[in-house]
Structures are given as C-alpha cells and as structure tokens.
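One-letter residues, chain by chain:
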Amino acid sequence: TEACLKAIDGAGALNAFVHHTPEIALERAAEADKRIAAGDAPDMCGLPIGIKDLFCTEGVPSQAASRILEGFLPQYESTITAQLKSAGAVMLGKLNMDEFAMGSSNETSVYGNAVNPWRRGNDDTQLTPGGSSGGSASAVAADLCLAATGTDTGGSIRQPAAFTGIVGIKPTYGRCSRWGVVAFASSLDQAGPMTKTVRDSAIMLGAMCGHDPKDSTSADLPVPDFEAALTGDIRGRKIGIPREYRMEGMPADIEKLWDDGAAMLRDAGAEIVDISLPHTKYALPAYYVIAPAEASSNLARYDGVRFGHRARLDHGDGITEMYEKTRAEGFGTEVQRRVMVGTYVLSAGFYDAYYNRARKVRTLIKKDFEDVFAQGIDAILTPATPSAAFGLGEMSDADPVQMYLNDVFTVTVNMAGLPGIAVPTGLDKQGLPLGLQLIGRPWEEADLLSSAYALE
Ligand code: GLN
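Quantities reported herein were computed from a predicted structural model and do not represent experimental measurements.

Colleague: So what exactly am I meant to see when it comes to the overall build of the protein here?
Modeller: A count of helical and extended segments in the protein gives 14 helices and eleven strands. Relative to the globule expectation of 23 Å for 456 residues, the C-alpha radius of gyration of the protein, 21 Å, shows essentially globular dimensions. Dimensions along the principal axes, computed over C-alpha positions, put the protein at roughly 75 × 65 × 50 Å. For the protein, the residues scored as buried account for 56% of the 456 residues in total. Within the protein, counting contacts between residues at least 6 apart in sequence, those at least 24 apart form 76% of the total.

Colleague: Looking at this model, I keep getting lost on helix H11 (residues 351-374). Mind explaining?
Modeller: Side chains of residues three or four places apart in an α-helix project in the same direction, reflecting 3.6 residues per turn. With 24 residues, H11 ought to run about 34 Å at 1.5 Å a step, and its terminal C-alpha atoms sit 33 Å apart, in line with that. Regarding H11, the residues found buried are Tyr-354, Tyr-355, Ala-358, Arg-362, Ile-365, Asp-368, Phe-369 and Phe-373. Summarising the contacts, the buried residues of H11 are in contact with helix H8 (283-298), helix H10 (333-346) and helix H13 (411-416). At the C-terminal side of H11, Gly-376 shows a positive phi close to 95 degrees.

Colleague: Explanation requested: the environment of Gly-261 in the structure shown.
Modeller: With respect to the helices and strands, the residue Gly-261 is situated in helix H7 (residues 252-267). Gly-261 gets classed as buried once you count the C-beta atoms within 10 Å, which come to 26. When the C-alpha atoms of Gly-261 and Leu-381 are compared, they prove to be 8.1 Å apart, with 120 residues separating the residues in sequence. Apart from residues lying up to four places away in sequence, Gly-261 is in contact with Leu-381, Thr-425, Leu-436 and Leu-455.

Colleague: Whenever I open this one, the UniProt feature "active site" (unreviewed entry) in the protein confuses me. Can you help?
Modeller: Look at the UniProt record and you will see "active site" (unreviewed entry) annotated at Lys-52, Ser-132 and Ser-156. These annotated residues cover 105 residues of sequence, but their C-alpha atoms sit close together, with the largest distance between any two at 11.3 Å. Excluding residues within four positions of it along the chain, Ser-132 makes contact with Met-97, Asp-98, Ala-101, Met-102, Gly-103, Asn-106 and Ser-156. Examined against the element boundaries, Ser-156 turns out to sit in the loop between strand E4 (147-152) and helix H5 (158-164). Contacts of Ser-156, omitting those with residues within four sequence positions, involve Ala-101, Gly-131, Ser-132, Ser-133, Gly-150 and Thr-151.

Colleague: Help me understand the nonpolar core, please; the structure alone is not making it clear to me.
Modeller: One broad rule of soluble globular proteins: the nonpolar side chains tend to lie buried together. In this structure, Ile-49, Cys-145, Leu-438 and Leu-449 are the most contacted members of the largest nonpolar core, which totals 137 residues. In terms of residues, this core owes the most to one element, H8, which gives ten residues. Discounting residues that sit within four places of it in the chain, Leu-449 has contacts with Val-198, Ser-201, Ala-202, Phe-226, Ala-229, Leu-230 and Ile-421.

Colleague: Looking at this structure, I do not really get the pairing of strand E9 (residues 379-383). What am I missing?
Modeller: Consecutive side chains along a regular strand alternate between the two faces of the sheet. Most of E9 is tucked away: five of the five residues are buried. The alternating pattern of E9 places Ala-379, Leu-381 and Pro-383 on one face and Ile-380 and Thr-382 on the opposite face, and all of these are buried. One ladder, built from two bridges, connects strand E7 (residues 238-242) with E9; its direction is parallel. Paired with Gly-240 across the bridge in E9 is Ile-380.

Colleague: How should I be thinking about the sheet that holds strand E10 (residues 420-427) in this particular structure?
Modeller: Spatial strand order, E1-E3-E2-E4-E6-E5-E10-E11-E9-E7-E8: eleven strands in an open sheet with mixed pairing. Of all strands in the sheet, those with a lone pairing partner are strand E1 (17-20) and strand E8 (271-275), marking the two edges. Ignoring strand direction, the axes of neighbouring strands in this sheet form an average angle of 30 degrees. The pairing of E7 with E8 spans five bridges and is classified as parallel.

Colleague: What should I look at first to understand the site of the ligand in this one?
Modeller: Taken together, 13 residues form the shell around the ligand, and within it Ala-101, Ser-104, Thr-153, Gly-154 and Ser-156 come nearest. Of the residues in the shell around the ligand, the class split is four nonpolar, seven polar and two charged.

Colleague: Explanation requested: the packing of helix H6 (residues 198-208) against helix H14 (residues 445-455) in the structure shown.
Modeller: Any two packed helices are characterised by the angle at which their axes cross and by the distance between the axes. Contact geometry of H6 with H14 gives a least axis separation of 9 Å together with a crossing angle of 165 degrees. Considered as vectors, H6 and H14 are oriented roughly antiparallel to each other. Of the two elements, H6 crosses H14, and the hand of that crossing is left-handed. Note on element contacts: H14 touches H6 through Glu-445, Leu-449, Ala-452 and Tyr-453, opposite Val-198, Ser-201, Ala-202 and Leu-205. In terms of residue class, the contact of H6 with H14 is built from six nonpolar, one polar and one charged.

Colleague: What is the right way to read the confidence of the model for the protein from this model?
Modeller: Low-pLDDT stretches of the model should not have their predicted coordinates read in fine detail. Counting all residues, the mean pLDDT for the protein is 97, and 100% of those residues have values of 70 or more. As a predicted assembly, this complex carries a pTM of 0.98 together with an ipTM value of 0.98.

Colleague: Where do I start with H8 in this structure?
Modeller: Between the first and last C-alpha of H8 there are 22 Å, a value that for 16 residues agrees with the 22 Å anticipated at 1.5 Å per step. Most of H8 is tucked away, with 13 of its 16 residues classed as buried.

Colleague: When you look at the environment of Gly-332 in this model, what are you seeing that I'm missing?
Modeller: Note on placement: Gly-332 falls in the loop between helix H9 (319-330) and H10. Looking at Gly-332, the number of C-beta atoms within 10 Å reads 20, which means it is buried. Separated by 265 residues in sequence, Gly-332 and Arg-67 have C-alpha atoms that sit 7.9 Å apart.

Rules used in this analysis
Residues numbered from 1 in each chain as written. Predicted model: local features only at pLDDT ≥ 70, side-chain atom pairs only at ≥ 80, totals over all residues. Helix = DSSP H or I, 4+ residues; strand = E, 2+ residues; numbered from the N terminus. Rg over C-alpha atoms; globule rule 2.2 N^0.38 Å. Buried ≥ 20, exposed ≤ 12 C-beta atoms within 10 Å, placed from the backbone. Contact = placed C-beta atoms within 7 Å. Expected span 1.5 Å × (residues − 1). UniProt positions renumbered as here; feature names shortened; annotations may be inferred. Core = buried A, V, L, I, M, F, W, Y, C linked by C-beta atoms within 7 Å. Pairing = 2+ DSSP bridges. Axes fitted to C-alpha atoms, helices over the stretch in contact; angles between N-to-C directions. Near = placed C-beta within 6 Å. Nonpolar A, V, L, I, M, F, W, Y, C, P; charged D, E, K, R; others polar. Parallel < 35°, antiparallel > 145°, perpendicular 65-115°, else oblique. Left-handed = near helix turned anticlockwise from the far one by under 90°. pLDDT = per-residue confidence, 0-100.

Encoded structure:
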C-alpha cells in the first residue's frame, strides 16, 4: 500500500486518480496486517486497489467525473466496494473516467483526460487509455495499484483494458450488484475487475459478485471458485470465430492478432469453428438508441435539488430556470448530447420508430448468440477493439460517431447480457498493446476465464 501511494504521488501526469484516500488506505492496510497475523486472511487481504469514480464510497467524493455531482459525499457504500472491503482489499482512491461513463477515451471527464502510460515507439504523443474506465486502466497498467474496479455498458472495461495491455472482464448481466453504482444505462451496466492477469481477475471477480437483494436484477446464483477453473486444459472446447466481425478495412495487425489467437487456442486442444452472428451490424446503432434512452431517464434525477451542483440563480428565476441552468452547467457536451438523443427517441412520436425498433434488434442480437451456443459453441473469439490506443484529441475532435465506432466489437455483448473478457495478446507495429475478446455463455465466467487463461 505504501509503495502504491508513493507511485500515485509520482504519477500525477497520468491523471488516473482523481481523489486520493491515503488515510483510508493506511488504516485498511493496518487492519489487513492484523488479520494476516491472526491467520484470518480473506482472498484480497491487504491488496491495494483503485475504485472507479462511478462507485459510491461512503464519505468519499463520488462524482462520476461530472460537475453536476460536485460536493456529493455518499452516505453509503456500493455493494461491490463493501464486498471488496470485506474481502480485505485496500482502497487507494477514486479513478478517473468519462463523465457518467459516456465515452471511449476518458476525454469527457470533468477532471480532464487520463493518460495511457504506453507510447508509440519513440513518439511521445500522449495516447488515450480508452474509456470510460480510462483511469482504472491507466492506474493498473502503470503499477499504481494492483487492480481496479471498472464498469462496462458497451465496452468500458474491455476497450481500456485492450488499450493498456491489461485484463478486463465484464460479467454476465446480473452477476455483480449495481446497487450504489451511478446508473448510465441500467439494462446494460455491469461492473467488473480490471487486473494485470487472468488469475487476478478470477480472484477479484469472486469477491465482487454474488446475490444482492438491493438490486432487483442481481442473480441469486452460487458464486463458483473462479480461480479453481484456471486449469489450463481447454481440450475439446469449441471456439467460434464470427465472420461478421471481420470488418472491411480492419488493420492487418488486428487480423493477425486474431488469427494467432485462434491458432493458440487450437494448439491448446480447442476446436475452432467458423460461425455467423448475422445481426452484428445493427448492434452499434441500436446500442446508441437504447443507451441514451436509458441515460436520459436515469439522469433526470440531477435537478439541482437532490445532489451536488446547483447553478447560481438570478432574482426572479423559478424552478424551471433552476433546472435548466443547473443541468446546462453541470453536464458536459457528450452527456447533454446523450440526454437529447435519449429524450428524442423516447418521445411520443418517435418511440416506436426508434426505441421500440432498437429493442427488437436487441432481441435478434441476443438470439444470434443463443443459436451459436445451441450449436455447441463454448466461447467466441474476436478482437477487443478495431485499433490500438489512439492519440488524445484524435477522435474527440472528429464527429462523435467516429468515437462510437470504437465499440463495434464490444456492444453486442452488453446487448445480449453475456460475459466478455479482454486479454492482452500482442503488440502492434508501433509497440502498442492489442487485446482479444472472448465472449462466453451466460453465467459461465469460470469457463470463460479458463479459455482466457489459455490465451494469456
Ligand atoms: N463507449 C460506450 C459509450 O460511450 C460505452 C461506454 C461504457 O461502456 N460505459 O456509451
């Protein structure tokens, strides 16, 4: 813990941690020492970790990287951070992210962007760590903490993991409690671990999941011993390669990474099968209807009354002006864009044409996966991202759709509620990390981790 606190102090340029909690960290580390001495050390006893700013942590600023939550000090702890604490983990502080988890580059944060510790060869252009869990990815990759929590609505654990050469798993929807995690799109949001290795992810996931009566979508299922599943034996497993993910214009580096990954799994005894997920191309547009729709509804609670920021009002302003001024000041551009898109697709005249149609597309996407799993496929191998980490400003200066295209391989997984993991498996020509994604059957994270372990 002390070494991490020192590393964090020396790594301000990465802008990964946005709130430091050294007092809490040292107190928990001392407790962990006592538990270890007493022979009662749970799985994560004494392990220093970072927490994404989306998680409510009691008495510690939890702003979802938004101005609108300025000054908000939760009175309670999210279920996941409470579980991590009882597993002995030591919180070092809160991590940077895109505002309300909307973004793929950590550039929409009120704290400014986090920075990727990796560079392209000798070029010192600063790169994005990805998003929205960019601070988590940067902190783990730069050894500021041993692991971090992330959340993933359309790729926000897996894309930053791939951009920084670490492992990130988004569990099945319902595996981890969403209670106390600031909501973006409730039917898509899932938390998960971001770690250096697959084994670390297995251990941390075990501490994070489990049934929570406070989240009505939390699954009442036993939590398997994920670490015990890492046997390295994947003989006879059927791994599908979806032809629709071989996108036109895919960089040669990514194609090669994908082929090499398939060969690696084949050498380990898996059977590689060509599969089809025919509705893939509709996933991204449908996601960018459903996610903003849910966000516009979830973000209605930020009204200047109940949480955080309230605009300074002029004499004679009424409640409408208070809402308008507070929300105009408190939300950044991308969040405002999502609220407007979401409100539009939910409005009476457009509900059927956009929102309902997107929900139907979502059902078809889910069915694509069910069909291949019914054919005996155990896991699906795809690239995690369409490129390596890009430069800061490179995408955010373009039109927003360019940024949205980053999620092309990851959003399908959230739409279908499936578990997905990103594993670093190579470098591109410029020496930047690249990751592959494995998608698993619902609730079979143990199997998924074990296939990922064979890729590592
Ligand atoms: N990049 C996607 C978005 O901006 C996904 C974000 C996420 O998974 N939280 O919506």
